[in-house]
Amino acid sequence: NPDLTLDKLAAECGTNRTYLSELFNRGLNIGFTDFVNNYRIDTVAVKLMKEYPYMSVGDIAIRSGFGSVATFRRAFIRRKGVTPRQFKAAVLRQEDKK
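Everything numeric here is computed off the predicted structure, so don't read it as measured data.

Asker: So what exactly am I meant to see when it comes to the side chain of serine 64 here?
Answerer: Structurally, serine 64 is set in the loop between helix 4 (57-63) and helix 5 (69-80). For serine 64, the residues in contact, after removing those within four places along its chain, are Arg40, Val44, Ala45 and Leu48.

Asker: Looking at this structure, how should I read the side chain of asparagine 37?
Answerer: With respect to the helices and strands, the residue asparagine 37 is situated in helix 3 (residues 32-51). You can call asparagine 37 buried: its relative accessible area is 9%. Those residues in contact with asparagine 37, other than ones at most four positions away along the chain, are Phe66 and Ala75.

Asker: Looking at this structure, how should I read the packing of helix 1 (residues 6-13) against helix 2 (residues 17-27)?
Answerer: Each packed pair of helices is defined by two parameters, the angle between the axes and the distance between the axes. Remark: helix 1 packs on helix 2, axes separated minimally by 9 Å, with the N-to-C direction vectors making an angle of 105°. Compared by their axis directions, helix 1 and helix 2 come out roughly perpendicular. For the pair formed by helix 1 and helix 2, the contact residues are Leu6, Asp7, Leu9 and Ala10 on the first element and Arg17, Leu20, Ser21 and Phe24 on the second. Taken together, the residues of the contact of helix 1 with helix 2 break down into five nonpolar, one polar and two charged.

Asker: Whenever I open this one, the pattern of salt bridges confuses me. Can you help?
Answerer: Two side chains bearing opposite charge may form a pair once their charged atoms approach each other closely. Inspection of the entire model under this criterion finds five salt bridges. Lysine 80 is the partner of aspartate 42 in a salt bridge, and the nearest nitrogen-oxygen pair spans 3.3 Å. A residue pair is termed long-range when its members are at least 10 positions apart, and aspartate 42 in helix 3 and lysine 80 in helix 5 qualify at 38 residues. Exposure remark for aspartate 42: the relative accessible area of 31% places this residue in the partly exposed category. The exposure class assigned to lysine 80 is partly exposed, which follows from its relative accessible area of 34%.

Asker: Got a minute to help me understand the environment of alanine 61 in this structure?
Answerer: Mapping alanine 61 onto the fold places it in helix 4. For alanine 61, a relative accessible area of 0% translates into the label buried. For the pair alanine 61 and leucine 48, spaced 13 residues apart in sequence, the C-alpha separation works out to 9.8 Å.

Cut-offs applied
- Residues numbered from 1 in each chain as written.
- Predicted model: local features only at pLDDT ≥ 70, side-chain atom pairs only at ≥ 80, totals over all residues.
- Heavy atoms only, no water.
- Helix = DSSP H or I, 4+ residues; strand = E, 2+ residues; numbered from the N terminus.
- Contact = heavy atoms within 4.5 Å.
- Buried < 20%, exposed > 50% of the residue type's maximum accessible area, 1.4 Å probe, protein only.
- Axes fitted to C-alpha atoms, helices over the stretch in contact; angles between N-to-C directions.
- Parallel < 35°, antiparallel > 145°, perpendicular 65-115°, else oblique.
- Nonpolar A, V, L, I, M, F, W, Y, C, P; charged D, E, K, R; others polar.
- Salt bridge = Lys/Arg side-chain N within 4 Å of Asp/Glu carboxyl O.

Shown next, in the form of structure tokens:
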């Protein structure tokens, strides 16, 4: 859900925003937004890059639930330590070796 917010998740869980935020921050030691962005990168973006290595970074960003390519790029660099293009290039090199 690209429109997922802490408020929406709290309502879905039947709890309040403050409690849920505290759960992420203290229980998981990560903020809600970073948690969601990391999940989108690890479970959707990386999978798309491996399955469709020629898909554009913009398409991957949108299909992964990010609202903008710039936000996706910043989150990806924080999570993986490289840009999405660098990561894709490494995936392509691995595919070429097969």
